[in-house]
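Understanding the architecture of this molecule
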2 protein chains.
Amino acid sequence: MASSLNRQFVIAARPQGKAKLSDFQLTQRPLSAPQDGEVLFRNQLISIDPYQRNLMGNASSELPPVELGQPMPGPTVAVVEQSKNADFAPGDRVISWSGWQEYGLSDGSDLQKVALQGAPLTAALGVLGHTGLTAWVGMRKFLNAKPGGTLVVTAAAGSVGSLAAQLAKRDGLRVVGIAGGAEKVNYLREQLGLDDAVDYKSPDFAERLALALPQGLDALFDNVGGDMFEALMPFFNLHARIVICGTIAQYDFPGAAAGPNRLPELLKSFLYRFIEIHGFAVPDHFACYPDFLAEVAPLVAQGKIKYSEELVDGFENIPDAFMRLFDGRNRGKLIVRVDQDTPAS
Amino acid sequence: MASSLNRQFVIAARPQGKAKLSDFQLTQRPLSAPQDGEVLFRNQLISIDPYQRNLMGNASSELPPVELGQPMPGPTVAVVEQSKNADFAPGDRVISWSGWQEYGLSDGSDLQKVALQGAPLTAALGVLGHTGLTAWVGMRKFLNAKPGGTLVVTAAAGSVGSLAAQLAKRDGLRVVGIAGGAEKVNYLREQLGLDDAVDYKSPDFAERLALALPQGLDALFDNVGGDMFEALMPFFNLHARIVICGTIAQYDFPGAAAGPNRLPELLKSFLYRFIEIHGFAVPDHFACYPDFLAEVAPLVAQGKIKYSEELVDGFENIPDAFMRLFDGRNRGKLIVRVDQDTPAS
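Just so we're clear, the structure is a prediction, and the values are computed from it rather than from any experiment.

Next up on the list: the domain arrangement of chain A. All names here are of chain A. According to the domain assignment, chain A consists of domain 1 (5-126 + 307-337) and domain 2 (130-282). Measuring from the centre of the C-alpha atoms in domain 1 to the corresponding centre in domain 2 gives 30 Å. Across the contact, seven residues belong to domain 1 and five residues belong to domain 2. Regarding the contact of domain 1 and domain 2, the summed buried area is about 660 Å², with carbon and sulfur atoms giving 47% of it.

Quick look at the structure:
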């Protein structure tokens, strides 16, 4: 072990609106040796994610925020340094939930061994990590559109949406992606091979959406909520299934939105169109991780699933990297590489 | 066979607002003899149901209306008069979907033999028929509250709601019923033994609801929609499951309701409370009918399930009986007895 101090970025203040650098503080805490059953590991790759804003408080989430003075939780790729747990040995690569700190200590229950079948190591935090599992659980556990049926994916160029869309294409669905801007729409059509893609920023969005959905939709993987969801409601077919995986459009949602009230219309569609809507908690489905990896890791290793990621070097750059998510600088899944010698795979 | 003419009440006009007597017409049509594979049966008990208004057109439903000049469809209890189908013999009692006519002809695929295990015959059109199956499917297939969890049932004194509530009580749930007026609330508390009952017509409804749900709700069996659903949204617990079985409050729903818009709030609860909402089509679950009967028929026969029904005598009184549903005269499941000699069981 290189040091007996553990550097952490802790939440120092509850943001008002957007998070800023001063809401974080770099602290050093003494590092305990592992007790019986415990594993000490060193983080090599740290995931930086938009939902971490929710964990800081004063956010749209209903989840309780992280206590002030505690490090930001989140996924990491780590290497085991010391182990008093029979399931792990020094040198093992693991995925942890230890977040923005250099070291972590665990009883092993929240660690998973990295087994990427030849895919790059960084994929363990994105397309083969929590993000990918989210897309896979939504598609495989809650949506059941049949080949030939139409799936709509919102925020389809995002990391969750783009995997959901690609899995659906492989299943033989007709997939329509929605994203903002010509660049993303071209990416969906030309790189991901979706059947159609619609730019929600376009002034003729409503007309284009109707043209893209001549037969309505049988499944919706929604990452956006708000006006986008409402625009899609008239297209719900009988027995449509819907997963609500994000509500990006509602991050600043203050409580009750301006009318008209579209809720009664949605309730009627449950009754007369027999639809289902599901939210889900990804941790409830961690047991599926091996099944997910078995299906998706070979596709990633073979280049059959496309994804994008952005690496930032240096532990001390974590808060600035986090800012990138909210100021338009970010392109693809954001990962901080703590140790520049960490191999790509 | 008593006659070679078949009397039918057909839909003669699309109602504007409430249905009226002149929207129906009594017609007589020649009765064909059964062909190979077919069954000819005579209706003895005919079900009169609120959703039949939806089948007349100009209604809140999105389902296509019945063609003008055709008889109103719906459940009946019938006796087989002639059979060229090996599965049915003259004298067999069956449940049909032939609706408001004296005779019906079927290939047998939509007929089910009556097997009530000692329960009264009229129950086949209510608590042991389509109505009961609706409650049972909602409870058994879509809600999964555990003993000790809280279920809310709206329109709990109605025929679907009261069975759902009683099944849940037998499962060990804490059951809170919502209904309109002191008489119904007393019925829920004293006759059905619910843990609490709240009068939505009471001026202190919101306060009473909060008192009845100190731990929130884990499951909701909703027959009402509209404002009632919105009043319940703040009480949804993590992982709550919801069945939308009716939207009585929205029968006159014109399209878009006055604001504020509560839809974004609901979408957020999917995401952060991991809830599920289901609509379902009862015909998709007809294969469950034997399982449903096996569970519920003995309870009805033994008097362990309470239900109320109202019998009207005489085929010619069908349209007037239908009016009762909408002018406040009706008490309990409404059935027209065509043949006064039909035994009760």
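A separate point is the sheet that holds strand 12 (residues 236-244) of chain A. The strand order 10(A)-9(A)-8(A)-11(A)-12(A)-13(A)-13(B)-12(B)-11(B)-8(B)-9(B)-10(B) describes an open sheet built from twelve strands, whose pairing is mixed. Looking at strand neighbours, the two that pair on one side only are strand 10 (196-199) of chain A together with strand 10 (196-199) of chain B, the edges of this open sheet. Taken pair by pair, the neighbouring strands of this sheet meet at an average axis angle of 15 degrees, ignoring direction. Here strand 8 (residues 150-154) of chain A pairs with strand 11 (residues 217-222) of chain A via three bridges, running parallel. Each bridged residue has a counterpart across the sheet, and for valine 152 of chain A the counterpart in strand 11 of chain A is leucine 220 of chain A. The strands touched by helix 1 (residues 130-142) of chain B within the sheet are strand 13 (276-278) of chain A together with strand 8 (150-154), strand 11 (217-222), strand 12 (236-244) and strand 13 (276-278) of chain B, with strand 11 of chain B carrying the most contacts at an inclination of about 150 degrees.

Take the packing of helix 1 of chain B against helix 7 (residues 289-301) of chain B next. Axes are the key here: two packed helices are described by the angle between their axes and the distance separating the axes. Residues and elements named next belong to chain B. Contact geometry for helix 1 and helix 7: axes closest at 10 Å, N-to-C directions at 95 degrees. Accordingly, the angle class assigned to the pair helix 1 and helix 7 is roughly perpendicular. Listed contacts from helix 7 to Gly132, Leu133, Trp136 and Arg140 of helix 1 are Tyr289, Asp291, Phe292, Glu295 and Val296. Taken together, the residues of the contact of helix 1 with helix 7 break down into five nonpolar, one polar and three charged.

Right, let's get into the interface of chain A and chain B. Counting residues at the interface gives 45 residues for chain A and 45 residues for chain B. Across the interface of chain A and chain B, roughly 3,900 Å² is buried in total on both sides, 62% from carbon and sulfur atoms. By the criterion of area lost to chain B, the three top residues of chain A are Glu62, Asn261 and Tyr272 of chain A, representing 17% of everything that side buries. Taken together, the links from chain A to chain B amount to 15 residue pairs in polar contact (both at pLDDT 80 or more). Breaking the side of chain A that touches chain B down by element, the ones donating at least two residues are helix 5 (226-232), strand 12, helix 6 (263-273) and strand 13 of chain A. The element that contributes the greatest number of residues to the side of chain A that touches chain B is helix 6 of chain A, accounting for ten residues. Residues that form the side of chain A that touches chain B fall into these classes: 23 nonpolar, 14 polar and eight charged. Here strand 13 of chain A pairs with strand 13 of chain B via three bridges, running antiparallel. When the bridges of strand 13 of chain B are listed, histidine 278 of chain A appears paired with glutamate 276 of chain B.

Conventions adopted
- Residues numbered from 1 in each chain as written.
- Chains lettered and ligands numbered in written order.
- Predicted model: local features only at pLDDT ≥ 70, side-chain atom pairs only at ≥ 80, totals over all residues.
- Heavy atoms only, no water.
- Domains from an automatic or database assignment.
- Contact = heavy atoms within 4.5 Å.
- Buried area = accessible area lost by both parts, 1.4 Å probe.
- Pairing = 2+ DSSP bridges.
- Helix = DSSP H or I, 4+ residues; strand = E, 2+ residues; numbered from the N terminus.
- Axes fitted to C-alpha atoms, helices over the stretch in contact; angles between N-to-C directions.
- Parallel < 35°, antiparallel > 145°, perpendicular 65-115°, else oblique.
- Nonpolar A, V, L, I, M, F, W, Y, C, P; charged D, E, K, R; others polar.
- Polar contact = N/O pair within 3.5 Å; in protein donor to acceptor, adjacent residues only side chain to side chain.

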